[in-house]
Amino acid sequence: MRKFFTLAEMKKSLLMAVWFIFLTFPIMVVRVNPIYKVVEWRWQNLVLVGVSAFFLSFLWRYFLAYKKPAPAKSPLETSARKGKLSELQRHPAARRAGIFLAATLAVAFPYIFSTYQVNIMTTALIYVVLGLGLNIVVGLAGLLDLGYVAFYAVGAYSYALLNFHFGLSFWVCLPIGAAMAALFGIILGFPVLRLRGDYLAIVTLGFGEIIRLVLENWNEFSKGPSGIAGIPRPGIVGVEMSLNTSSIFLYFLMIGLALLTILVVTRLRNSRIGRAWIALREDEIACQAMGVDKTKTKLTAFALGATWAGMGGVIFAAKTTFINPASFTFLESAIILSIVVLGGMGSIIGVIASAFILILLPEYLRAFSEYRMLIFGAVLVIMMVFRPQGLISNVRQTYRFKGLQEENKEGDIK
Amino acid sequence: MTAVLTITGLTMDFGGLRAVDNVNLDVRQGEIVALIGPNGAGKTTLFNCITGIYKPTAGDIVATPPGGPAKTIHGLKPNQVTEIGLARTFQNIRLFSNMTVLENVMIGRHCRTTSKILGAVLRDGHTRREEAEIVAFSYQLLERVRLERHVNDFARNLPYGAQRRLEIARALATEPFLLLLDEPAAGMNPHETKELDELISRIRAEMDISILLIEHDMKLVMNISDRIFVMEYGKEIAVGTPLEIRGNPKVIEAYLGEEAHA
Ligand SMILES: Nc1ncnc2c1ncn2[C@@H]1O[C@H](COP(=O)(O)OP(=O)(O)O)[C@@H](O)[C@H]1O
Ligand SMILES: [Mg+2]
């Protein structure tokens with residue numbers, strides 16, 4: 001360990017403390033009492049802020065220094081030094097055991113735990129699907145989409161409204177909701193094709209808000225803020241289900257959808273289209289110059305990402321049996337984006353893990369009710385400072401060349 | 001010999017700046033043509049106009065694939081130009097740095113392959129065969145530019161000269177009939193430059209590809225070009241064989257004069 005308690009470091013922390021005292025002075029120290037028309041000076045708060053800022057900043061930078069072990073390292077070395085998690089992930093036996101364990105746990109879960117727990121887990125699985133869907137747009141194609149929740153809303157309202165007006169069942173509405181969301185993905189995709197980075201983020205954010213505001217204010221269409229109630233849960237024709245079995249059924253349905261999502265996203269990522277997304281993210285101009293159609297590629301990313309949100313939305317509506325615009329605020333987009341970022345952009349296992357952490361953590365933190373969002377925020381911030389690459393490190397799984405079998409055979413013939 | 005690329009009266013303005021001014025240029029089939037001129041002469045801008053990155057203010061660009069009909073390409077999108085059969089490299093290397101060397105070349109195959117979303121998800125026979133073909137084709141190109149031992153490395157970890165060769169391999173993966181190289185020898189040592197010289201000659205001879213290159217290395221240019229175009233301040237000031245250009249007083253003043261300053 002290098003020497004850390006130096007004078008220079010002390011000075012930095014002292015500066016930080018002074019700065020914090022200055023910043024918090026008006027709210028922490030000065031208090032105007034309007035009844036007695038006097039100003040109170042709470043000097044003890046000043047001392048408190050100063051001392052805690054000093055120690056916290058010291059601690060903060062101590063851990064930051066701890067985080068980067070040795071500065072100079074060749075790029076080859078750093079790419080070889082991967083996280084323990086991804087190392088484990090690569091080990092075939094460990095991998096198989098892990099999958100077996102997860103499968104057993106997933107199947108046994110609803111029979112061990114209460115309906116309440118099953119419902120929470122279903123919610124977490126919905127977010128796994130949403131995270132993986134957004135991962136296509138943000139993680140693979142590199143398009144920062146802050147209005148993803150709009151597609152979720154489109155899916156949910158597709159089911160709710162089609163069921164309300166025409167009595168269409170869940171199974172009919174699932175593909176329709178997905179298709180509607182994909183359509184909206186393309187509608188959003190067109191105007192934002194030219195935008196990148198911050199501009200794209202702002203426009204997609206606006207799009208998300210527009211959808212929500214329309215749903216909130218167009219009473220004749222969506223019943224406004226009061227929402228739509230009495231949405232039926234999914235069932236199998238001719239089978240009567242109790243509330244409990246229905247929850248379990250939905251849980252297994254969600255497991256199925258999550259598995260399908262994982263399969264599809266993995267295959268897409270390792271395909272011609274997935275490569276084009278990643279290349280587009282890496283360098284748009286070079287990618288176009290190599291013959292990739294930017295418009296088509298971005299639109300497929302938006303549409304496919306939206307498709308999963310649409311399906312998630314249909315299931316969400318079926319699960320809660322009631323939806324209103326309040327379920328589709330920007331906060332939802334932010335949480336889904338956090339799932340992708342925290343998981344490590346583009347990493348599928350990372351996204352799954354972070355979806356569970358981000359959705360289950362606040363649920364089980366309910367005991368600390370008023371502090372739970374604070375803890376949640378702190379976890380995110382700390383995570384991003386100490387592990388900016390996400391839970392699963394390494395940029396992505398790369399295509400590894402294993403030799404040319406067919407090629408050699410051909411060579412023999414020639 | 002027939003021309004594969006014909007540029008007439010090409011002009012490109014940036015606000016008040018005329019970066020390319022009424023340039024005429026042609027590349028015939030099987031030729032290696034060099035485009036030279038001092039920095040800021042408008043050479044890269046000309047490349048960007050040809051490859052669809054900029055829309056020229058005025059003028060015509062016509063490409064004629066060998067054995068095919070002539071096509072007007074100005075105003076097309078970059079990927080459409082590449083599909084017709086023109087591929088380029090960049091002066092400031094633009095590789096996909098977080099992708100492997102092989103994957104970089106595989107991107108070049110995008111416009112010559114057809115697998116769709118459904119194929120990618122179902123992994124049917126056609127898609128799997130196509131993927132295998134993409135890999136085989138890309139690997140062969142890596143062998144051609146002698147990068148096969150870096151096949152699984154990240155592009156960003158390659159040495160500089162290798163990165164330039166990878167850009168060439170990536171461009172070749174699109175199966176062009178005309179290859180546009182923007183300062184391919186920049187930053188290379190004499191040994192690497194010599195290898196590049198051989199590589200370019202081999203590409204022309206073995207793959208039947210015409211080449212238009214921007215280059216500052218006079219030895220390389222004089223060595224491999226059939227004809228040379230010289231630009232200065234956006235204007236074309238001379239055209240001819242290496243021998244003619246070497247003796248042209250206008251060129252000596254514009255180009256070599258600048259080199260003496262720099
Ligand atoms: N996108 C652009 N916007 C404005 N000016 C540009 C742009 N691209 C190039 N230029 C200008 O055009 C002129 C020619 O540049 P360039 O084609 O890069 O020269 P060369 O490649 O011959 O060194 C320069 O003066 C440059 O500043
Ligand atoms: Mg240039």
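Please read these numbers as outputs of a predicted model, since none were measured by experiment.

What to know about the overall build of chain A
- A count of helical and extended segments in chain A gives 18 helices and four strands.
- When each of the 414 residues of chain A is scored for burial, the buried share is 46%.
- Long-range contacts, defined as pairs at least 24 residues apart, comprise 74% of the intrachain contacts of chain A with a sequence gap of at least 6.
- With the model as given, the accessible surface of chain A reaches about 22,000 Å², and the carbon-plus-sulfur share is 70%.

A few points about the interface of chain B and chain A
- Taken together, the contact between chain B and chain A spans 45 residues of the former and 38 residues of the latter.
- Among the residues of chain B in contact with chain A, His110(B), Ile117(B) and Asn152(B) are the three that bury the most area, contributing 15% of the side total.
- Inspection of the region where chain B meets chain A yields three salt bridges.
- Of the charged contacts, one joins Asp293(A) and Lys77(B) as a salt bridge, the two residues approaching to 3.8 Å between their closest N and O atoms.

Details of the coordination of the magnesium ion (ligand 2)
- Taken together, the protein donors to the magnesium ion (ligand 2) comprise Thr44(B) (OG1) and Gln91(B) (OE1), at separations of 2.0 to 2.1 Å. On the criterion of sequence distance, the pair formed by Thr44(B) in helix H1 (residues 43–50) and Gln91(B) in the loop between strand E6 (86–88) and helix H3 (101–108) is long-range, its members being 47 residues apart.

Thoughts on the pattern of salt bridges
All names here are of chain B.
- Evaluated as defined, the whole model comprises 22 salt bridges over all chains.
- A salt bridge links Glu 31 to Arg 28; its shortest N-O distance comes to 4.0 Å.
- Note that Arg 227 and Glu 31 form a salt bridge whose closest N and O atoms lie 2.7 Å from each other. Taken as a pair, Arg 227 in strand E9 (residues 227–232) and Glu 31 in the loop between strand E2 (17–28) and strand E3 (32–36) lie far apart in primary sequence, 196 residues in all.

Concerning the domain arrangement of chain B
Residues and elements named next belong to chain B.
- Each assigned domain of chain B is listed with its residue range as follows: domain 1 (1–85 + 176–262) and domain 2 (95–175).
- Measuring from the centre of the C-alpha atoms in domain 1 to the corresponding centre in domain 2 gives 26 Å.
- Each side of the interface is counted separately: domain 1 has 22 residues, and domain 2 has 15 residues.
- Here domain 1 meets domain 2 over a buried area of about 1,500 Å², counting both sides, of which 63% is carbon and sulfur.
- Viewed at the interface, domain 2 and domain 1 are joined by one salt bridge.

Details of the site of ligand 1
Residue and element names in this part refer to chain B.
- By nearness alone, every residue bordering ligand 1 is listed as Phe 14, Leu 17, Ala 19, Pro 38, Asn 39, Gly 40, Ala 41, Gly 42, Lys 43, Thr 44, Thr 45 and Tyr 54.
- Gly 40 has a polar backbone atom sitting 2.7 Å from an oxygen atom of ligand 1.
- A distance of 3.0 Å separates a nitrogen atom of ligand 1 from a polar atom in the side chain of Tyr 54.
- Considering ligand 1 on its own, with 560 Å² of exposed area, one finds that the protein chains cover 63% of that surface.
- The set of elements that each furnish at least two residues to the shell around ligand 1 consists of E2 and H1.

Regarding the side chain of Asn48(B)
- Here Asn48(B) shows up in helix H1.
- Residues in contact with Asn48(B), not counting those within four places in the same chain, are Ile53(B), Tyr54(B) and Arg88(B).

A look at the sheet that holds strand E8 (residues 210–214) of chain B
Residues and elements named next belong to chain B.
- Strand order in the open sheet formed by six strands is E6-E7-E8-E3-E9-E10, with mixed pairing between adjacent strands. Across the chains shown, the open sheet's two edge strands, defined by having one partner strand only, are E6 and strand E10 (235–240). Averaged over all pairs of adjacent strands, the angle between strand axes in this sheet comes to 20 degrees, irrespective of strand direction.
- Where E9 meets E10, five bridges bridge the pair, whose relative direction is antiparallel. When the bridges of E10 are listed, Phe 229 appears paired with Val 239.
- This element, helix H6 (residues 160–172), spans E6 and strand E7 (178–182) of the sheet and lies at about 155 degrees to E7.
- Each of E3, E7 and E8 is contacted by helix H7 (residues 190–207), which is oriented at about 155 degrees to E8, the strand it contacts most.

A look at a nonpolar patch on the surface
- Together, Met16(A), Trp19(A), Phe20(A), Phe22(A) and Leu23(A) make up an exposed nonpolar region whose accessible area comes to about 530 Å².
- By the secondary structure assignment, Trp19(A) is in helix H1 (residues 7–29).

Things to note about the packing of aromatic side chains
- In this structure the tally under the stated criterion is 20 aromatic pairs over all chains.
- Ring centres of Tyr148(A) and Phe151(A) lie 6.1 Å apart, and the angle between their planes is 75 degrees; on these two criteria the pair is classed as edge-to-face. Of the two residues examined, Tyr148(A) and Phe151(A), each falls in the buried class.
- Note on Trp218(A) and Phe221(A): the rings are 4.8 Å apart at their centroids and 25 degrees apart in plane angle, and the pair reads as stacked.
- For Phe221(A), a relative accessible area of 37% puts it in the partly exposed group.
- A connected cluster of aromatic rings, assembled from ring pairs, spans Phe109(A), Tyr111(A), Phe113(A), Tyr251(A) and Phe252(A).
- A cation sits over an aromatic face here: Arg109(B) above Phe137(B), 3.7 Å from the ring centre.
- We note Arg170(B) situated over the ring of Phe96(B); from NZ or CZ to the ring centre the distance is 4.8 Å.

With respect to the packing of helix H7 (residues 149–166) of chain A against helix H8 (residues 170–192) of chain A
Residues and elements named next belong to chain A.
- Orientation of H7 relative to H8, taken along the N-to-C sense of each, is 140 degrees, at an axis distance of 8 Å. By the angle between their directions, the pair H7 and H8 is classed as oblique. For H7 against H8, the interelement crossing comes out right-handed. Contacts between H7 and H8 involve Phe 151, Val 154, Gly 155, Ser 158, Tyr 159 and Leu 162 from the former and Phe 170, Cys 173, Ile 176, Gly 177, Met 180, Ala 181, Phe 184, Gly 185 and Leu 188 from the latter.
- Of the residues assigned to the contact of H7 with H8, the class counts are eleven nonpolar, four polar and no charged.

Each value, and the rule that gives it
- Residues numbered from 1 in each chain as written.
- Chains lettered and ligands numbered in written order.
- Predicted model: local features only at pLDDT ≥ 70, side-chain atom pairs only at ≥ 80, totals over all residues.
- Heavy atoms only, no water.
- Helix = DSSP H or I, 4+ residues; strand = E, 2+ residues; numbered from the N terminus.
- Buried < 20%, exposed > 50% of the residue type's maximum accessible area, 1.4 Å probe, protein only.
- Contact = heavy atoms within 4.5 Å.
- Areas by Shrake-Rupley, 256 points an atom, 1.4 Å probe, with all protein chains shown as cover.
- Buried area = accessible area lost by both parts, 1.4 Å probe.
- Salt bridge = Lys/Arg side-chain N within 4 Å of Asp/Glu carboxyl O.
- Donors = N, O, S within 2.8 Å, 3.2 Å for Na, K, Ca; no water.
- Domains from an automatic or database assignment.
- Near = heavy atom within 4 Å.
- Polar contact = N/O pair within 3.5 Å; in protein donor to acceptor, adjacent residues only side chain to side chain.
- Pairing = 2+ DSSP bridges.
- Axes fitted to C-alpha atoms, helices over the stretch in contact; angles between N-to-C directions.
- Patch = residues over 30% accessible without salt bridge, like charges linked within 9 Å, V, L, I, M, F, W, Y side chains within 5 Å.
- Phe/Tyr/Trp six-rings, centres within 6.5 Å; stacked < 30°, edge-to-face > 60°.
- Lys NZ or Arg CZ within 6 Å of the ring centre and 35° of its normal.
- Parallel < 35°, antiparallel > 145°, perpendicular 65-115°, else oblique.
- Left-handed = near helix turned anticlockwise from the far one by under 90°.
- Nonpolar A, V, L, I, M, F, W, Y, C, P; charged D, E, K, R; others polar.

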